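Chain by chain, the residues:
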Amino acid sequence: MPKLNENYQNLKESYLFVEIAHRVAEYTKANPDKKVIRLGIGDVTLPLEPLAVDALHEGVDAMTSTETFKGYGPEQGYEFLRNAVVDYYAENGVSIHADDVFISDGAKSDTGNIGDLFATDNVVLIPDPVYPVYVDSNIMTGRQITYIDANADNNFLPLPDKNVHADIIYICSPNNPTGATYNKEQLKEWVDYALENEAVILFDSAYEAFITDPELPRSIYAIEGAKKCAIEFCSLSKTAGFTGTRCGYTIVPKELVFKASNGEEMSVNAMWNRRQSTKFNGTSYIVQKGAAAVFTKEGMAQCKENIAYYQENARVISETLAKKGIRYFGGENSPYIWFECPNGMDSWDFFDYLLNNAQVVGTPGAGFGKNGQNFFRLTSFGTHESTKEAMERFEKLF
Ligand SMILES: *Cc1c(COP(=O)(O)O)cnc(C)c1O
């Protein structure tokens, strides 16, 4: 009999979206004539941009003849795409090297798999509330987690406590679920803290494309010293609607070097390269062709149009909340709007209240951690029409 990884017994049942689906199904069954509007999903809804679709087709066509056929590609991704990522960063004023770029099938895999490079007995710092992947992937390997509170008092942007040591720090900015985004000064505090503690920051920038404020950093490498302490994860999922197409990229700078217990220096870039070459056989050529089209000037312009569509929804939602005097976070440089449940309601009670009285589905904050207990997440990924209608209904409540 195999001895199992019993850390899996320590995982909490991931019942959030199951429970939401269950409650919505019950409601629809009892009220078949009522039109339910879903503003709870964390998935994009607009189709792929035409330029990416054309490039995907070209990728398929290449597979049809011996001359252009592609078999196994480089595990790190094709050079044409890694160079496109480098250029994209350069346009945002950040210089990175193509050897530091690793193309993958998405940021979820990479943020989950990066744990392979680190020992079990590290102090892992994770903000609460949080994207559940960080928590569960660490529990699976038996790592202890130290939580730091993100709450209304710190605008859901916790800063390092210099009296507490950490080895591995997770940061997601713009944040899912809170929509809160660190500015340069705040992010610098984290970088300085990581350098001081010889810690590594795992920086998730999946929503960087939603940042419109030019003062806000879209990459942690906009902060001096970050290449010595941070790995950055990004993806075309939210930027270009690639949630179903799958393409991400992770930046592991060559400057990221730590001392092993035998005194030898180990390059994290070399470790990740070895890890990926061993356990991953690369993202499909076809998808990488599509991704490269996204990074062209015209491709990015098309992305911006789609993002602007979602941002208009975020504006409508934020405006309604402001009108009702509800305290909210995000919604500006993020597709998420995170607000305090009215009248001191608990997030699941508010979920039921909103479903029963306005037929609007959102996500209870409790599903992202204890600090989400009295908060609620709405997303801007719906249509203009449904978002507007949902907010008209919302305005008539309480
Ligand atoms: C959506 C999302 C991602 C992207 O994951 P993919 O695997 O690239 O689709 C990464 N991080 C966060 C916090 C997200 O919400």
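The rules behind these values
The numbering scheme is per chain: residues are counted from 1 as the chain's sequence reads. Only residues with pLDDT of at least 70 are given local features in this predicted model, and only at 80 or more are side-chain atom pairs given and counted; all residues enter the totals for whole chains, interfaces and linings. With hydrogens and water excluded, all non-hydrogen atoms of the structure serve as input to the side-chain values. Comment: elements are numbered from the N terminus, with helices defined as DSSP H or I runs of at least four residues and strands as E runs of at least two. Remark: exposure states derive from per-residue accessible area (1.4 Å probe, protein chains only) relative to the maximum for the residue type, with buried under 20%, exposed over 50%, and partly exposed in between. We treat Lys and Arg as the positive residues and Asp and Glu as the negative residues; His and chain ends play no part in the count. The term salt bridge refers to a pairing of a side-chain nitrogen on Lys or Arg with a carboxyl oxygen on Asp or Glu at a separation within 4 Å. As used in this structure description, the phrase polar contact means that two N or O atoms lie within 3.5 Å; if the pair is within protein, one of them must be able to donate a hydrogen and the other to accept it, and residues adjacent in sequence are counted only when both atoms belong to side chains. Marked domain ranges trace back to an automatic or database domain assignment. Throughout, a residue-residue contact means that at least one pair of heavy atoms, one from each residue, lies within 4.5 Å. As used here, buried area is the combined drop in accessible area, with a 1.4 Å probe, of two parts when they are placed together.

1. Side note on the side chain of Asp204
Mapped onto the secondary structure, Asp204 falls in strand β6 (residues 200–204). As a buried residue without a salt bridge, Asp204 has its nearest oppositely charged side chain in Lys238, at a separation of 7.5 Å. A distance of 2.7 Å separates a polar atom in the side chain of Asp204 from a polar atom in the side chain of Tyr134.

2. A short note on the domain arrangement of the protein
Taken domain by domain, the protein consists of domain 1 (14–43 + 299–397) and domain 2 (50–295). Averaged C-alpha coordinates put domain 1 and domain 2 at centres separated by 27 Å. At the junction of the two partners, domain 1 supplies 26 residues and domain 2 supplies 33 residues. The junction of domain 1 with domain 2 conceals about 2500 Å² of combined surface from both sides, 60% of it contributed by carbon and sulfur atoms. For the interface between domain 1 and domain 2, the tally reads one salt bridge. Close ionic contact of Asp149 with Lys370 constitutes a salt bridge, the shortest N to O distance being 2.9 Å. On inspection of domain 1 and its partner domain 2, the count reaches 13 residue pairs in polar contact (both at pLDDT 80 or more). Within the residue set of the side of domain 1 that touches domain 2, elements represented by two or more residues are α10 (297–323), β11 (328–330), β12 (336–340) and β15 (375–379). The dominant element in the side of domain 1 that touches domain 2, judged by the number of residues it contributes, is α10, at seven residues.

3. Overview of unusual backbone geometry
A cis geometry characterises the amide bond from Asp128 onward to Pro129, with omega recorded as 10°. Inspection of the secondary structure assignment puts Pro129 in the loop between β3 (124–128) and α5 (132–140). Following Asn176, the chain continues to Pro177 via a peptide bond in cis, the omega torsion being 20°. Counting through the fold element by element, Pro177 comes out in the loop between β5 (168–172) and α6 (184–197).

4. Regarding the pattern of salt bridges
The final tally for this structure, using the stated rule, is 17 salt bridges. Arg218 serves as the salt-bridge partner of Glu208, at 3.0 Å between the closest nitrogen and oxygen. Of this pair, Glu208 sits in the loop between β6 and β7 (230–235) while Arg218 sits in the loop between β6 and β7, placing them 10 residues apart in sequence. Each of Glu19, Arg23 and Asp352 takes part in a single network of salt bridges with overlapping partners.

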